[in-house]
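Listed below, chain by chain, are the residues.
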Amino acid sequence: PHPNQPHPNQPYQPQPPHNVYVHQPPEKQAFISERSESLRSYPMPKPAEQVSENDVDNLTRLLMQSMDNAGEPDFFGMCAKCGSRVVGENAGCSAMDRIYHLECFICTKCGKQLSGNPFFAVEGRPFCEPDYLDTLEKCSVCGRPITDRILRATGKPYHPQCFQCVVCGKGLDGIPFTVDASNQIHCIEDFHKKFAPRCHMCKLPIMPNPGEEQTVRIVAMDKSFHIECYKCEDCGLLLSSEADGRGCYPLDDHILCRACNTCHVQNITTNL
């Protein structure tokens with residue numbers, strides 16, 4: 001019989017693990033909940049701060065009007081939105097260090113009146129809660145807005161608690177992971193179990209040991225083997241190469257050492 005030499009040991013190494021990147025939400029998306037305050041105190045608060053840095057003339061005009069009306073007990077300042085006088089306790093509110101008419105303090109997007117209600121400040125502009133949440137990035141798994149820490153991986157945003165292995169459900173926040181051909185997220189262990197070649201003898205996946213990134217498999221007769229599983233099916237001799245007398249001599253698709261192969265051939269010849 002002629003020995004059937006195995007291919008050189010072939011390493012199994014999947015694509016390297018990906019790292020998880022965690023970010024705080026951008027400053028413009030800071031989750032800041034505030035509530036406007038009614039105007040009930042005197043003396044007059046400081047003049048409203050202007051949004052536009054270039055509008056110096058308008059700021060000067062507002063300051064002059066505030067000084068001219070400082071003697072009026074019901075005058076609280078100039079509305080930061082419309083620029084008109086706010087007179088009377090029930091006429092305005094204070095929010096974001098500015099004075100507004102009640103009807104002027106509204107959601108930037110939908111126009112809902114915000115006086116007395118929680119609001120969210122985004123780059124100096126007030127938003128109601130639903131419209132504020134619309135400005136935030138949405139989790140790629142659950143689709144809900146990310147109001148706190150953003151975990152970004154494979155170019156997508158996630159809630160940290162939503163970033164899980166698709167097989168076992170284990171959270172992967174801060175843990176190396178990898179993806180399959182369809183970009184589904186796997187922990188390293190489940191990726192190997194799912195995609196690693198399986199040993200012809202023990203039927204288990206050929207995967208790296210814990211703490212290692214690659215392993216070695218033996219390929220013979222178009223089949224894969226663990227190194228420890230590549231042995232004679234009759235006597236259990238661990239096979240390696242013909243050079244050291246432990247080559248593989250298959251017979252009828254069975255893995256045999258040279259001695260066991262010879263015995264089988266002799267038995268077949270005798271029975272003819």
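The structure under discussion appears in the preceding block.
Here the structure is a predicted model, which means the values were calculated and not measured.

Regarding the layout of surface pockets
Considering only enclosed or pocket space, the second largest pocket measures out at about 220 Å³ in volume. Contributing to the lining of the second largest pocket are 14 residues, with K81, Y100, T108, R125 and P126 lying nearest its centre. Of all elements in the fold, only strand 8 (98-101) and strand 10 (125-127) reach the threshold of two or more residues within the lining of the second largest pocket. Tallied by class, the residues present in the lining of the second largest pocket amount to nine nonpolar, two polar and three charged.

Details of the nonpolar core
Grouped together as the largest cluster of nonpolar side chains are 19 residues, with contacts concentrated most on M96, Y100, F105, L114, F119 and Y132. When residues of this core are traced back to their parent elements, those giving at least two are strand 7 (92-95), strand 8 and strand 9 (118-122). One finds I206, M221, C229 and C257 within the second-largest nonpolar core, a separate group that totals 16 residues.

A word on the packing of aromatic side chains
Evaluation of the coordinates by the stated rule reveals seven aromatic pairs. Note on F163 and F177: the rings are 5.0 Å apart at their centroids and 85 degrees apart in plane angle, and the pair reads as edge-to-face. Placement of the pair is F163 in the loop between strand 12 (156-158) and strand 13 (177-179) and F177 in strand 13, with a sequence separation of 14 residues. Owing to a relative accessible area of 1%, F177 belongs among the buried residues under this scheme. An aromatic cluster is built from Y100, F105 and F119, whose rings are joined through pairwise contacts.

Points about the pattern of salt bridges
Under the definition given, this model contains five salt bridges. Linking R152 and E137 is a salt bridge whose minimum nitrogen-to-oxygen distance equals 2.7 Å. Highlighted residues: R152 in strand 11 (residues 150-153) and E137 in the loop between helix 2 (129-134) and strand 11, separated in sequence by 15 residues. Residue E137 is classed as partly exposed on the basis of its relative accessible area, which comes to 24%. Between K223 and D253 there is a salt bridge, with its nearest N and O atoms 3.2 Å apart. Of the two residues, K223 sits in strand 16 (residues 223-225) while D253 sits in the loop between strand 16 and helix 4 (258-270), which places them 30 residues apart along the sequence. Owing to a relative accessible area of 18%, K223 belongs among the buried residues under this scheme.

Parameters and conventions
- Residues numbered from 1 in each chain as written.
- Predicted model: local features only at pLDDT ≥ 70, side-chain atom pairs only at ≥ 80, totals over all residues.
- Heavy atoms only, no water.
- 1 Å grid on protein atoms, 1.4 Å probe; cavity = no way out; pocket = protein on both sides within 12 Å on 5 of 7 lines; lining within 4 Å.
- Points joined across faces, edges and corners; volume = space filled by probe spheres on them.
- Helix = DSSP H or I, 4+ residues; strand = E, 2+ residues; numbered from the N terminus.
- Nonpolar A, V, L, I, M, F, W, Y, C, P; charged D, E, K, R; others polar.
- Core = buried A, V, L, I, M, F, W, Y, C linked by side-chain atoms within 4.5 Å.
- Buried < 20%, exposed > 50% of the residue type's maximum accessible area, 1.4 Å probe, protein only.
- Phe/Tyr/Trp six-rings, centres within 6.5 Å; stacked < 30°, edge-to-face > 60°.
- Salt bridge = Lys/Arg side-chain N within 4 Å of Asp/Glu carboxyl O.

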